[in-house]
2 protein chains.
Amino acid sequence: MSTRDDLTTAMAELLWERGYAATSPREVMARAGVGQGSMYHHFSGKHELAVEALSAVIGEMTGESSLLEGGASPLERMKRYLSVPRAGTLGCRVGRMTQDPQVVVDAELIAIVANAFDTMLGRWEQTIAAAIAAGELPASIVPADLARTLAAVIQGGYVLARAKGEQGPMDAAIRGAVSLLDAAHAAGTDD
Amino acid sequence: MSTRDDLTTAMAELLWERGYAATSPREVMARAGVGQGSMYHHFSGKHELAVEALSAVIGEMTGESSLLEGGASPLERMKRYLSVPRAGTLGCRVGRMTQDPQVVVDAELIAIVANAFDTMLGRWEQTIAAAIAAGELPASIVPADLARTLAAVIQGGYVLARAKGEQGPMDAAIRGAVSLLDAAHAAGTDD
DNA sequence: GTCTATAATCCGATAGAC
DNA sequence: GTCTATCGGATTATAGAC
C-alpha cells in the first residue's frame, strides 16, 4: 500500500470516528505512520485529502444500496435493505458529515454527500414505485416521499442509537418501519 | 439580562450553529460581549457552560412533544406532532449533539441528550398504544418500536435536509410517514 | 518522496490588576 | 465581577535538508 493510500485510509477512518472539523492533519499523518511533510507532497491540504477519502468511502457504500435492486419482490427488497445490519452507535459514515459545520460550508465536500444520498434515494424511489405497481403498497403512497421517509428512518436510527450509546434504538426503528410497511401492505392492496 | 444569561444564551446559539467541539470559549465570550475572564468567574469552563446552555434548550424543546398529549384522537395527535414546522437545514438542536465526538465522550452532556430523547419517546409510546387501543392502528404494531421509527424519521429528515441544503427532504420524509400511518390505519382496523 | 524544523494562529485555562 | 495579559500546547501550513 502506497503512502498516498495510507493517508486516504487514515483520513477515512478519522472522518468516521471524529468528523472533518475535529480531525487534524497531524493525527492523520500519525495514524498513517508518515512524517509531517509527506501529506503536503501528495495533497494540497486537509480539504483535498478529505475529498479523496470521502469519495473512496462513498464508492464502497453506494454498492450497498444496490441491495434494493436484486431478485425478490419489490417490498421484499425494501425490507431486505432496511434490515441490513448497521452498527448504530458508530454512526453513518456519510450522514455524519451533514452535522459537521465545516463540511456543510465546504461546497465540494457537501456535494459529494448530497450526491451519495441522491443515488440511494433514486434506488428507493424506483423500488417503491415497483411495489405500488405490483400491488404490494397502496397507490396513495408517493414514491419520492416514502423514499425520504425510509432513508430518514435509517439516518435517524443512528442518531437515536448514539444518544443512548446502544444498538437497540436502531433495531427498534427498523422493526417499526417494517411493521408499518406490512400494515400498509395489508391495506386495500390487490394481491 | 445578566452576564451569566448572556453567556448561556450565546453558548446555546453556538451549540446549534457549530456544535460543542467546534465552539471555543473565545467565540462564546465575543458573542456575549464579555471579556475573557468573566466566563471563568461564572463557570468552571467550557463543559459546565455547555451543560447549563444545553439544559436550558432542552427545557424549552421538551414542551413541544407535549403536543402528543392534547385533545384530538391519538392518531391525529401523532400526525399533528409530526407536522410541526421544523427548519430542516438548521438541524435539530438536540439530535445534532449525538454526532459530536466530544459530546458522546462527555458523560454529563450525553446523559442530558439521552434523557431528552427518553422523555419524547415515552410520549410517543403512550400515544401509539392509545391509537392501537382505539383501533386506529393495527395490533401488530409494537409501540416502543414505532415510537423510535417516527422519532427517527424526524431526526433523519434533518440529516437529509442538511445534505441537500433544502427544506424539501424534511417535508417529504414527514409526508411519507403520515401516508404510511394512514395506509396502516386503513388496514384491518376496526373503526 | 520523505523527513525535521518552524511559522503564525488559536486552543482552553489561569493570574492578577482594578 | 470584570478586565487584560499570559501560559503551555495544539492547530494548519511552509521551508528546506536529505
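Since we're looking at a predicted model, the values are computed, not measured.

Things to note about the relation of the copies chain B and chain A
Placing chain B over chain A gives an RMSD of 0.1 Å and needs a rotation angle of 180°, together with 0.0 Å of translation along the axis. Expressed as an axis order, the relation between the two copies is that of a two-fold axis. Same-surface contact between copies: 100% of interface residues of chain B are shared with the interface of chain A.

Things to note about the protein's contact with DNA strand C
With respect to spatial proximity, 16 residues lie near DNA strand C, and among them Thr3(A), Gly35(A), His42(A), Ser24(B) and Pro25(B) are the closest. Of everything in DNA strand C that lies within 4 Å of the protein, sugar and phosphate atoms constitute 66%. One nitrogen or oxygen atom from the side chain of Thr3(A) is found 2.7 Å from a phosphate oxygen belonging to DNA strand C. One of the side-chain N or O atoms of His42(A) is found 2.7 Å from a phosphate oxygen in DNA strand C. Considering each element in turn, the surface near DNA strand C owes the most residues, 5 residues, to helix α3 (residues 36–42) of chain A. The residue inventory of the surface near DNA strand C, partitioned by class, reads 3 nonpolar, 11 polar and 2 charged.

Quick look at the UniProt feature "domain: HTH tetR-type" (unreviewed entry) in chain A
Per the UniProt record, "domain: HTH tetR-type" (unreviewed entry) is annotated on residues 1–61 of chain A. Between the end C-alpha atoms of residues 1–61 of chain A the distance is 21 Å, and the span holds 77% helix and 0% strand.

Quick word on the protein's contact with DNA strand D
Taken together, 16 residues lie near DNA strand D, and Ser24(A), Pro25(A), Thr3(B), Gly35(B) and His42(B) sit nearest. In DNA strand D, atoms within 4 Å of the protein come from the sugar-phosphate backbone in 60% of cases. Gly35(B) places a main-chain nitrogen or oxygen 2.3 Å from a phosphate oxygen of DNA strand D. One of the side-chain N or O atoms of Ser38(B) is found 3.2 Å from a phosphate oxygen in DNA strand D. In terms of residue count, helix α3 (residues 36–42) of chain B provides more of the surface near DNA strand D than any other element does, 5 residues in total. Split by residue class, the surface near DNA strand D holds 3 nonpolar, 11 polar and 2 charged.

Some thoughts on empty space enclosed by the protein
Per the counting criterion, the structure on display carries 4 cavities of 30 Å³ or more. Computed from the structure, the largest cavity encloses a volume of approximately 110 Å³. Taken together, 16 residues form the lining of the largest cavity, with Gln99(A), Val159(A), Gln99(B), Gln155(B) and Val159(B) sitting closest to its centre. Counting residues per element, the ones that place at least two in the lining of the largest cavity are α8 (143–164) of chain A together with α8 (143–164) of chain B. Its residues assigned to classes, the lining of the largest cavity comprises 6 nonpolar, 8 polar and 2 charged. Approximately 40 Å³ is the volume found for the second largest cavity. The wall of the second largest cavity is formed by Thr149(A), Leu150(A), Val153(A), Ala177(A), Leu180(A), Thr149(B), Leu150(B), Val153(B), Ala177(B) and Leu180(B).

What counts, and where the lines are drawn
Residues numbered from 1 in each chain as written. Chains lettered and ligands numbered in written order. Predicted model: local features only at pLDDT ≥ 70, side-chain atom pairs only at ≥ 80, totals over all residues. Heavy atoms only, no water. Least-squares fit on C-alpha atoms with pLDDT ≥ 70 in both. Contact = heavy atoms within 4.5 Å. Near = heavy atom within 4 Å. Polar contact = N/O pair within 3.5 Å; in protein donor to acceptor, adjacent residues only side chain to side chain. Helix = DSSP H or I, 4+ residues; strand = E, 2+ residues; numbered from the N terminus. Nonpolar A, V, L, I, M, F, W, Y, C, P; charged D, E, K, R; others polar. UniProt positions renumbered as here; feature names shortened; annotations may be inferred. 1 Å grid on protein atoms, 1.4 Å probe; cavity = no way out; pocket = protein on both sides within 12 Å on 5 of 7 lines; lining within 4 Å. Points joined across faces, edges and corners; volume = space filled by probe spheres on them.

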